[in-house]
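One-letter residues, chain by chain:
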Amino acid sequence: MTTKSNHSALTTALSQLHDATKLLNLSDNQWQTLATPRRTLQVAVPLRRDNGNIEIYHGFRVQYSTTRGPAKGGVRFHPEVDMEETVALAMLMTWKCALTNLPYGGAKGGVAVDVSKISLAENERLTRRYTSEILPIIGPDHDIPAPDVGTDERNMAWMMDTYSVNEGFAVPGVVTGKPIVLGGSLGRNSATGDGVGIAVREALRIKGIDPSSATVAIQGFGKVGYWAAVACESMGMKVVAVSDVNGGVTGFKDVQTLWNHFQTNGNLNAPGTDSITNLELLHFDCDVLIPAALADSITANTVDGVKARIVVEGANGPTTPEADKALIEKGTLVIPDILANAGGVIVSYFEWVQDKQNYFWSIDEVKSNLDEILMRSIKEVENLSNDKSVTWREAAMMIGVGRVAEAHKLRGLYP
Ligand code: NAD
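To start, this report covers the structure provided alongside it. The residue count restarts for each chain, going from 1 along the sequence in the order it is written. In keeping with the predicted nature of the model, local features appear solely for residues at pLDDT of at least 70, side-chain atom pairs appear and are counted solely at 80 or more, and the whole-chain, interface and lining totals rest on all residues. Each side-chain value is worked out from all heavy atoms of the structure, with water and hydrogens disregarded.

### What to know about a nonpolar patch on the surface
Inference 1: To count toward a patch, a residue needs a relative accessible area over 30% and no salt bridge; like charges are then connected within 9 Å, while nonpolar side chains (Val, Leu, Ile, Met, Phe, Trp, Tyr) are connected within 5 Å. Calculation of accessible area relied on Shrake-Rupley with a 1.4 Å probe; when residues are assessed, cover is drawn exclusively from the protein chains displayed. Criterion for a salt bridge: a side-chain nitrogen of Lys or Arg within 4 Å of a carboxyl oxygen of Asp or Glu. A contiguous nonpolar surface patch, about 230 Å² in accessible area, is contributed by Ile180, Leu186 and Ile363.
Inference 2: Locating Ile180 in the fold gives a position in the loop between α5 (153-167) and α6 (188-207). The way it works is that DSSP assigns letters per residue, a run of H or I at least four long becomes a helix, a run of E at least two long becomes a strand, and they are numbered from the N terminus.

### Some details on the side chain of Ser65
Inference 1: Within the secondary structure, Ser65 is located in strand β2 (residues 54-65).
Inference 2: Any pair of residues with heavy atoms lying within 4.5 Å of one another is described as a contacting pair. Beyond its immediate sequence surroundings of up to four residues, Ser65 is in contact with Arg38, Ala71, Thr94, Gly105, Gly106 and Val404.

### So, empty space enclosed by the protein
Inference 1: The way it works is a 1 Å grid over only the protein atoms, where trapped points that fit a 1.4 Å probe form a cavity and open points with protein on both sides within 12 Å along at least five of seven lines form a pocket, and then any residue with an atom within 4 Å of a point lines it. Grid points are joined across faces, edges and corners, and a volume is the space filled by probe spheres set on the points. Enumeration over the complete set of coordinates arrives at three cavities of 30 Å³ or more.
Inference 2: Taken as a whole, the largest cavity holds about 60 Å³ of empty space.
Inference 3: Every element with two or more residues in the lining of the largest cavity is listed here: α1 (9-23) and α3 (83-99).
Inference 4: Residue polarity is assigned by list, with Asp, Glu, Lys and Arg as charged and Ala, Val, Leu, Ile, Met, Phe, Trp, Tyr, Cys and Pro as nonpolar; anything else, Gly included, falls into the polar class. Split into classes, the residues belonging to the lining of the largest cavity amount to five nonpolar, four polar and one charged.

### Here's the deal with the packing of aromatic side chains
Inference 1: Ring pairs shown here join Phe, Tyr and Trp side chains whose ring centres sit within 6.5 Å, with only the six-membered ring taken for Trp; geometry is labelled stacked below 30 degrees between planes, edge-to-face above 60, and tilted in between. For the structure on display, the rule yields 13 aromatic pairs.
Inference 2: Through a chain of ring-to-ring contacts, three or more aromatic side chains come together here, namely Tyr104, Tyr349, Phe350, Trp352 and Trp361.

### Considering the sheet that holds strand β7 (residues 238-244)
Strand pairing within a sheet occurs via backbone hydrogen bonds; the two strands may be parallel or antiparallel.
Inference 1: Spatial strand order, β9-β8-β7-β6-β10-β11-β12: seven strands in an open sheet with mixed pairing. Looking at strand neighbours, the two that pair on one side only are β9 (274-276) and β12 (333-335), the edges of this open sheet. Sheet twist, expressed as the average angle between the axes of neighbouring strands with direction ignored, equals 20°.
Inference 2: By the bridge criterion, five bridges tie strand β6 (residues 215-219) to β7 in an arrangement that is parallel. Bridged to Ile218 within β7 is Val242.
Inference 3: Lines fitted to C-alpha atoms define the axes here, with helix axes fitted over just the stretch in contact, and angles between the N-to-C directions of these axes take values from 0 to 180 degrees. Contacts from helix α7 (residues 223-234) reach β6, β7 and β10 (288-291), with the element oriented near 170° to β6. DSSP bridges decide pairing: two strands pair if at least two such bridges lie between them.

### What about unusual backbone geometry?
Inference 1: Cis geometry is adopted by the peptide bond preceding Pro415, which originates at Tyr414 and carries an omega value of 0°.
Inference 2: Among the structural elements, Pro415 can be located in the segment after α14 (392-411).
Inference 3: Despite not being glycine, Asn101 has its phi angle at roughly 60°, a positive value.
Inference 4: With respect to the helices and strands, Asn101 occurs in the loop between α3 and β4 (106-111).
Inference 5: Despite not being glycine, Ser389 has its phi angle at roughly 50°, a positive value.
Inference 6: Checked against the element boundaries, Ser389 lands in the loop between α13 (363-388) and α14.

### A short note on the packing of α13 against α14
Inference 1: In contact at an axis separation of 8 Å, α13 and α14 are set at 115° when each is read in the N-to-C sense. Here α14 runs roughly perpendicular to α13, going by the angle between their axes. For α13 against α14, the interelement crossing comes out right-handed. Listed contacts from α14 to Ile378, Glu380, Val381, Glu382, Leu384 and Ser385 of α13 are Trp392, Ala395, Ala396, Met398, Ile399 and Arg403. Here the word oblique covers every angle except those under 35 degrees (roughly parallel), over 145 (roughly antiparallel) and from 65 to 115 (roughly perpendicular). Handedness of a helix crossing follows the sense of rotation of the near helix relative to the far helix, less than a right angle counterclockwise being left-handed and clockwise being right-handed.

### Some remarks on the site of the ligand
Inference 1: Here a residue is near a molecule or strand as soon as one of its heavy atoms is found within 4 Å of it. Around the ligand lies a shell of 23 residues, among which Arg76, Asp148, Thr192, Val224 and Asn316 are the nearest.
Inference 2: Two N or O atoms count as a polar contact when they lie within 3.5 Å, although within protein this holds only if one can serve as hydrogen donor and the other as acceptor, and sequence-adjacent residues are included solely when both atoms are side-chain atoms. Separating an oxygen atom of the ligand from a side-chain N or O atom of Arg188 is a distance of 3.4 Å.
Inference 3: About the coverage of the ligand: the protein hides 89% of its 830 Å² of free accessible area.
Inference 4: If you list the elements that add at least two residues to the shell around the ligand, you get α6 and α7.
Inference 5: When the residues that make up the shell around the ligand are grouped by side-chain class, the tally is nine nonpolar, nine polar and five charged.

### Section: helix α4 (residues 120-134)
Inference 1: Helices are assigned an expected span. That span is 1.5 Å times one less than the residue count. Under the 1.5 Å per step criterion, the end-to-end length of α4 is 21 Å for 15 residues, consistent within 8% with the ideal 21 Å.
Inference 2: Burial classification: accessible surface area is computed with a 1.4 Å probe over protein chains only, and a residue below 20% of its type maximum counts as buried, one above 50% as exposed, and the rest as partly exposed. The complete set of buried residues in α4 reads Glu122, Asn123, Leu126, Thr127, Tyr130, Thr131 and Ile134. Each buried residue of α4 lies within a common arc of 165° when the element is viewed along its axis, so the set occupies one face.
Inference 3: The elements touched by buried residues of α4 are β1 (39-48), β2, β3 (71-77), β4 and α5. The arc in question is the one spanned by the directions pointing from the helix axis to the C-beta atoms.

Put into structure tokens, the structure is as follows:
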């Protein structure tokens, strides 16, 4: 990112885990177990370009934990994907699934590729070959991929088809975030943003700010950022600034008008808007800041100018440990990623359950179950944070990591 510090996503994730193991009084042996991924797979992904050239890309799949159930996590297509980042994101998925009490471990995968530089046909061939390379370790009872940065329901359809063709019959439950006609769930597209909206609503309640007077700035206008913007606006908040990889804008009429312009023109500069830089977006004078792009956007270098009283982490790992400390010292309420963006994996879980049962739910059922599960976790975190005088991140990590540690203990060690 333009604002990147020297922090790696893995350093941040290990530092958060370290803090949690100390707060939970876990032993060195437990720390070692929790800090080590169960299975890492690196694969070569050869791609025949449209012009006949063959290029080799690097692909990854990490099953960080399978202690509480099958591994579960997204697939990222981005030039900076590497093993370290994939391990970090798979670790976060593990704590997220445990915090929300889903019957999953944690996983992540990806390919180091810039999707803006390949054609749709090339994207399909790359997705299918990547799927084929990781095929031995995925499956509805083993490891269930989903979309993340740079992938969407189209990629999930190709992954589901590649897996199914190899099995000889349709296996919808091998991925989540699929198109509805292939066994996807209503409400999955908007789920992460819907969950971010619920977290914002609760954070405003705690800070005593009326949603109808609240202002929100969002970094990243992708699957998470857009739906978070829609959710906030639908609760009466004013989205005052958004950005993407090319910079940001303010002064737009409403989210839908901006989105329509973005879809048609591929940029955020709708008529009547003013351009701002990504740093100006982070420092925007507003009540709520939602980082919803990549890791390491709020760092020691950028944190001083953050004015928002509430930060809701739509992205995974957007705040480095130094910046986190500085925000807490300022009195900013930080709703951590493993809670704030858990809506995506919660509705992925609903999709997997529906696929297993071959019985599909209404949108109202999906939305009310999402609200119920996320609110249960939010309340648990809020209560623990108050009882133990710890931050929301510390409380969320204590619950997530604590559940995985307990599961290890109860299962024991084989042999
Ligand atoms: P996406 O690819 O749909 O969107 C990413 C957005 O970030 C795009 O608008 C892109 O332009 C923007 N961006 C990239 N680099 C940027 C930069 N330097 N500055 C500002 N904006 C930049 O991805 P997504 O699915 O929306 O994921 C965003 C974040 O949310 C990631 O951290 C991801 O891991 C996390 N997340 C996603 C889901 C999900 O269901 N998709 C679930 C949980 C967490």
